[in-house]
Amino acid sequence: MKRIEANHVSAWYGTFKAVEDVTLAIEPKQVTALIGPSGCGKSTFIRTLNRMHEVIPGARIDGEVLLDAEDIYASGIDPVSVRRTIGMVFQRPNPFPTMSIRDNVSAGLRLNGTRKKAELDPIVERALQGAGLWKEVRDRLDRPGASLSGGQQQRLCIARAIAVEPQVLLMDEPCSALDPVSTLRIEDLIAELKDQYTIVIVTHNMQQAARVSDSTAFFTLEVAGDPGRLVEVGPTSKIFTKPDDERTEAYITGRFG
Amino acid sequence: MNMSKSAQAIINPSVLRCGRLGPGQAVAATAGGVALAALAFWLTPLQGRAGFLLVTYLAGTTGYLLAASKIEGRRSVVDRLAAVLMVTTVGICLLALGSVLIYTAVRGVKALDWYFFTHSMNGVGPRDDAGGAYHAIVGTLQQVLLAALFAVPSGLLVAIYLTEYGTGRLASLVRTVIDVMVGIPSIVAGLFIYAFWVLGLRRGFSGLAAAMALAILMLPIVVRSAEEMIKLVPPALREAAYALGIPRWRAILRVVLPTASAGITTGVMLAVARVTGETAPLLLTAFGFDSIQNDPFSGPQSSLPLFVFGQASSAFSAAVDRAWAGALTLIAVVLLLTVAARLVTRRNRLV
């Protein structure tokens, strides 16, 4: 099980510095929540953890991200392999519109050209079961992925992410486009998945962070336009009861942000 | 005053109400306008068929709108006026399209029989009642398919380059060149192939030369439409693919292109339809030939537009009938190709 360590990570979009000097350790088999006001760089930071940040033209980072002591930004590291090891679920459900439910789940494997159909079927079933979606879709695996409801689509995306058997799962506000019932299902799922995966979740919802995470990192920015910084990180119970920094306290008690 | 007005709106529902122009009233008002116009033509020296149509149309519309303004008020008149304008323009467009199709069908069906599809013009004089377009159909299909073979893959590659990889000056140069190519008159494309290939390299007239000229015309259409369609694919889908550890080229090939395929097909079919009817460049490249020429790589070849052009220039009615039949066949070929392309891409969509 993989541990992630970010050392002095800064991230830019062109000349705009979005994240400054974040040093943070993410422990394996735990859920780490990143919270903070809009624009504080938590989504940017989570994207630096699997080299998705650089996909945006003009984006770059400084610092190092260690995956079990190996720097994923070192030269000779293949970003494609990094992303296979560190999966990601996005804010809005984004199933591939031209693919069926089955093909969506197996997309990561099929498009890497590694497996045959007979081997894919059990993996699809296991991934859908892992995402808590199997019972709902098992009779309609050939229907389009886009035919599912929003909450089901997001679980489909989780199934798609875990089908490639990553070590770490990054979730960028996975519930922000979902209703409370679907949100609850995803939260239950996160609790089940943390036995097998290291999970990092960005959320705007502080109750959600309190419910699902073991440790919490609070990001903030001074004024709009400034880069976001990490304020403090610690066990969730401590951050939500007696944080060290008064800005954290102000945020979690709802006095700003 | 404002307060009381809005309060009144809540208490007194009559403020929320307005009159409704019933269908019967609408028809009556329109008919009234039409009747007035007819009366004017009957009583005054006004005459002329086109003038009558225009005046009755305007009078009927005016009657309709006047009734609407009496019963329903200003906003509704604007709404109905816009609706009338839209229906009218749609009608004019359909009328133009329909009359082209129907007139071609009516005139073309005369010479259209099995013989027409199975025989060439070999040894047929302009006054003879025999002769067919088999050689022209073969030529058109071969030339257009060859042209598509050249233009579609390279056009797609250029579009992928422009949307996925192209940055900086090379990309904007390519874009400018493509824009300029859109404006190339088709005869210039034909002249280029004529000078470069037919004369310059001494290859002579052939279906292949025609296909190359047509490919020059197709390429910019394919590039621009494919580029626009690829741009429409949400970035979230690419990101989803990258996050699964799918390499970029595979994400483009297996996620981006399939998602854009319906639109790309439409663009390709527009390009095919556009070049299938091209005549001018073919005069300089395929040249035209009365006998069956199954080999597009050597010797002059006919094509449907050339066939239509040649037959229509004749003064004899048998030849003119053949020209109409050829034109109808040309429309049918484009239609068949479009339907076939739709069927092929439908397999990519689930729904």
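Residues numbered from 1 in each chain as written. Chains lettered and ligands numbered in written order. Predicted model: local features only at pLDDT ≥ 70, side-chain atom pairs only at ≥ 80, totals over all residues. Heavy atoms only, no water.

- The name an unreviewed UniProt entry gives chain A is Phosphate transport ATP-binding protein PstB, with uncultured Acidimicrobiales bacterium as the organism.

**Describing the pattern of salt bridges**
So, step 1. Applying the stated rule across the entire model yields 27 salt bridges over all chains.
So, step 2. Of the charged contacts in the structure, one is a salt bridge between Arg47 of chain A and Glu239 of chain B, with a shortest N-O distance of 2.6 Å. In this pair, Arg47 of chain A sits in helix α1 (residues 42-48) while Glu239 of chain B sits in helix α10 (residues 235-243), so the two residues belong to two different chains. In this pair, the class of Arg47 of chain A matches that of Glu239 of chain B, namely buried.
So, step 3. When salt bridges with common partners are traced through the structure, they connect Arg175, Asp179, Arg224, Glu227, Glu228 and Lys231 of chain B into a single cluster. (Salt bridge = Lys/Arg side-chain N within 4 Å of Asp/Glu carboxyl O. Helix = DSSP H or I, 4+ residues; strand = E, 2+ residues; numbered from the N terminus. Buried < 20%, exposed > 50% of the residue type's maximum accessible area, 1.4 Å probe, protein only.)

**Examining helix α3 (residues 49-71) of chain B**
Residue and element names in this part refer to chain B.
So, step 1. The end-to-end C-alpha distance of α3, which contains 23 residues, comes to 33 Å, matching closely the 33 Å that a straight helix rising 1.5 Å per residue would cover.
So, step 2. If you check which residues of α3 are buried, you get Thr56, Ala59, Gly60, Thr61, Gly63, Tyr64, Leu65, Ala67 and Ala68.
So, step 3. Where α3 is buried, its residues meet α2 (23-43) and α4 (74-108).
So, step 4. Backbone geometry just after α3 places Gly73 at a positive phi near 105 degrees. (Expected span 1.5 Å × (residues − 1). Contact = heavy atoms within 4.5 Å.)

**A look at helix α6 (residues 150-163) of chain A**
Given 3.6 residues per turn, any residue in an α-helix points the same way as the ones three and four places further on.
All names here are of chain A.
So, step 1. The end-to-end C-alpha distance of α6, which contains 14 residues, comes to 20 Å, matching closely the 20 Å that a straight helix rising 1.5 Å per residue would cover.
So, step 2. Burial analysis of α6 places 13 of its 14 residues in the buried class, which makes it a mostly covered element.
So, step 3. One or two positions beyond α6, positive phi appears at Glu165, with a value near 50 degrees.

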